[in-house]
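Coordinate inspection notes
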Amino acid sequence: MKRIGYSVLIVFGILATSCDTSGDDPIYIQVSPVTEVTNPGKFAKDSITEIPVDYSLPSKCNVFRGFYYDAADFQRIVAIESYRSGDQACPADDNAYTGTLRFKPTALGTYHFKFWIGTDAQGVEQFYEFDAIVDH
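A short note on the side chain of Ser59
For Ser59, the position within the fold is in the loop between strand 3 (49-55) and strand 4 (63-72). In this structure Ser59 touches Arg84, Cys90, Pro91, Ala92 and Asp93, once residues within four positions along its chain are discounted.

Description of the packing of aromatic side chains
Any two aromatic rings considered together are summarised by their centre-to-centre distance and by the angle between their planes. Under the criterion given, the structure shown has 11 aromatic pairs. The interplanar angle of 25° and the centroid separation of 5.7 Å between the aromatic rings of Tyr55 and Tyr97 together place this pair among those described as stacked. Here Tyr55 is found in strand 3, whereas its partner Tyr97 is found in strand 6 (residues 97-103), with 42 residues between them in sequence. Taking the centre distance of 5.8 Å and the plane angle of 20° together, the rings of Phe115 and Phe130 count as stacked. Taken together, the residues span a long stretch of sequence, with Phe115 in strand 7 (residues 109-119) and Phe130 in strand 8 (residues 125-134) at a distance of 15 residues. By relative accessible area, which is 0% here, Phe115 ends up buried.

A few points about unusual backbone geometry
At Asp46, a residue that is not glycine, the phi angle is positive and equals roughly 60°. Topologically, Asp46 is positioned in the loop between strand 2 (34-37) and strand 3. On the basis of relative accessible area, Asp46 is assigned to the partly exposed category, the value being 44%.

Analysis parameters
Residues numbered from 1 in each chain as written. Predicted model: local features only at pLDDT ≥ 70, side-chain atom pairs only at ≥ 80, totals over all residues. Heavy atoms only, no water. Helix = DSSP H or I, 4+ residues; strand = E, 2+ residues; numbered from the N terminus. Contact = heavy atoms within 4.5 Å. Phe/Tyr/Trp six-rings, centres within 6.5 Å; stacked < 30°, edge-to-face > 60°. Buried < 20%, exposed > 50% of the residue type's maximum accessible area, 1.4 Å probe, protein only.

This is how it looks when you write it as structure tokens:
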């Protein structure tokens, strides 16, 4: 979806033009893909459902910041946000992590989730998608 692409461009634009006046290392925020999602299957209005989300980080210097979460009507776009400080070289992070997305629907209906899993060789964004039916 173009929203993730625009968001990534905005984040990289901010990173390219940001500066740190305190003398500390700069902070870089990155959007990372989701590697796997477990659909809980049951969702209730005004109740929190925990959705396990697996992901990896770009390097051992990155730290999980939270979820990129774009909500528009009944559509949800989700990705992983991480940050790192400094410009030092960092080894790749081969570990797998799991975060918990807490979803609390406020209306009955079908919510369409799109978890960003990256881009293909042609630069087209790819998503893992599922519907969350909130019927009670």
